[in-house]
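Breakdown of the fold
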Amino acid sequence: MPDFSLESWMRNIIILTILAVSSGMGACASKQPVDAAHHSRNSLDWAGVYTGEIPSASGSGINVTLTLRSDSTYTLRYRYAGRLGADFGAAGTFKWDNGNTITLDAKDAPAHYQVGENRLIQLDMKGKIITGMLADSYVLRKQP
């Protein structure tokens, strides 16, 4: 005759719980590890010319052209929209801060950019994402 006592029922619940937890831990252990080396630097075709118009405190905007080369050099050009002769720029080298962001050696221009699929996102002076209503204005698009 089967044992329907409370003690037997509790023992079965404990055994089933242990089996369920053990099974769950085994499933977690069998998952493939995340590839730590998979990032923008080695998985995207990031070298090229990027353009966009960023906000300007004095005018309608600043047209930006940033060229990144595979030898870690860059050329950066700014042109104030609607003003002739108001161009400025920089050229030099950049370094990868991690696999997804770069820092230009520019002294008088924004230096931090997040590298994405066919785009660069200009970061603030501390290397953080710019937020707020104008955040989308700090995206440079890769030219074909």
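Quick note: structure is the one above.
In this text, all values refer to a predicted model and were calculated from it rather than measured experimentally.

Calculation notes
- Residues numbered from 1 in each chain as written.
- Predicted model: local features only at pLDDT ≥ 70, side-chain atom pairs only at ≥ 80, totals over all residues.
- Heavy atoms only, no water.
- Core = buried A, V, L, I, M, F, W, Y, C linked by side-chain atoms within 4.5 Å.
- Buried < 20%, exposed > 50% of the residue type's maximum accessible area, 1.4 Å probe, protein only.
- Helix = DSSP H or I, 4+ residues; strand = E, 2+ residues; numbered from the N terminus.
- Contact = heavy atoms within 4.5 Å.
- Polar contact = N/O pair within 3.5 Å; in protein donor to acceptor, adjacent residues only side chain to side chain.
- Pairing = 2+ DSSP bridges.
- Axes fitted to C-alpha atoms, helices over the stretch in contact; angles between N-to-C directions.
- Phe/Tyr/Trp six-rings, centres within 6.5 Å; stacked < 30°, edge-to-face > 60°.

Of all hydrophobic cores here, the largest spans 25 residues; its most connected members are Leu66, Leu68, Tyr74, Leu76, Leu104 and Tyr113. Sorting the residues of this core by element identifies strand E1 (48-54), strand E2 (62-68), strand E3 (73-80), strand E4 (87-96), strand E5 (101-104) and strand E6 (112-116) as the ones contributing at least two each. Apart from residues lying up to four places away in sequence, Leu68 is in contact with Trp46, Ala47, Gly48, Tyr50, Thr73, Tyr74, Phe94, Ile102, Leu104 and Leu120.

Turning next to the side chain of Thr75. Within the element layout of this structure, Thr75 appears in strand E3. At 2.7 Å, the side chain of Thr75 and the side chain of Arg69 are in polar contact. With residues up to four places along the chain from it excluded, the contact list for Thr75 reads Thr65, Leu66, Thr67, Arg69, Ala90 and Ala91.

Another aspect to go through is the side chain of Thr103. Relative to the helices and strands, Thr103 resides in strand E5. Contacts of Thr103, omitting those with residues within four sequence positions, involve Thr93, Phe94, Lys95, Asp97, Ala111 and His112.

With antiparallel pairing, the eight strands of this closed barrel are ordered in space as E1-E2-E3-E4-E5-E6-E7-E8. Each strand axis lies, on average, 30° off the axis of its neighbour in the sheet, ignoring direction. Here E1 runs beside E2; their pairing, made up of seven bridges, is antiparallel. When the sheet's bridge partners are listed, Ile54 is paired in E2 with Ile62.

Across the seven residues of E2, five count as buried, placing the element largely inside the fold. Examined bridge by bridge, E2 and E3 share seven bridges and lie antiparallel to one another. Among the inter-strand pairings, Leu68 is bridged to a residue of E3, identified as Tyr74.

This part is about the packing of aromatic side chains. Scanning the model with the defined rule gives five aromatic pairs in all. Taking 5.3 Å as the distance between ring centres and 75° as the angle between the ring planes, the aromatic pair formed by Trp46 and Trp96 counts as edge-to-face. Taken as a pair, Trp46 in the loop between helix H2 (40-43) and E1 and Trp96 in strand E4 lie far apart in primary sequence, 50 residues in all. Pair check on accessibility: Trp46 and Trp96 agree, each one buried. Through pairs of rings, three or more aromatic residues link up here, namely Trp46, Phe94 and Trp96.

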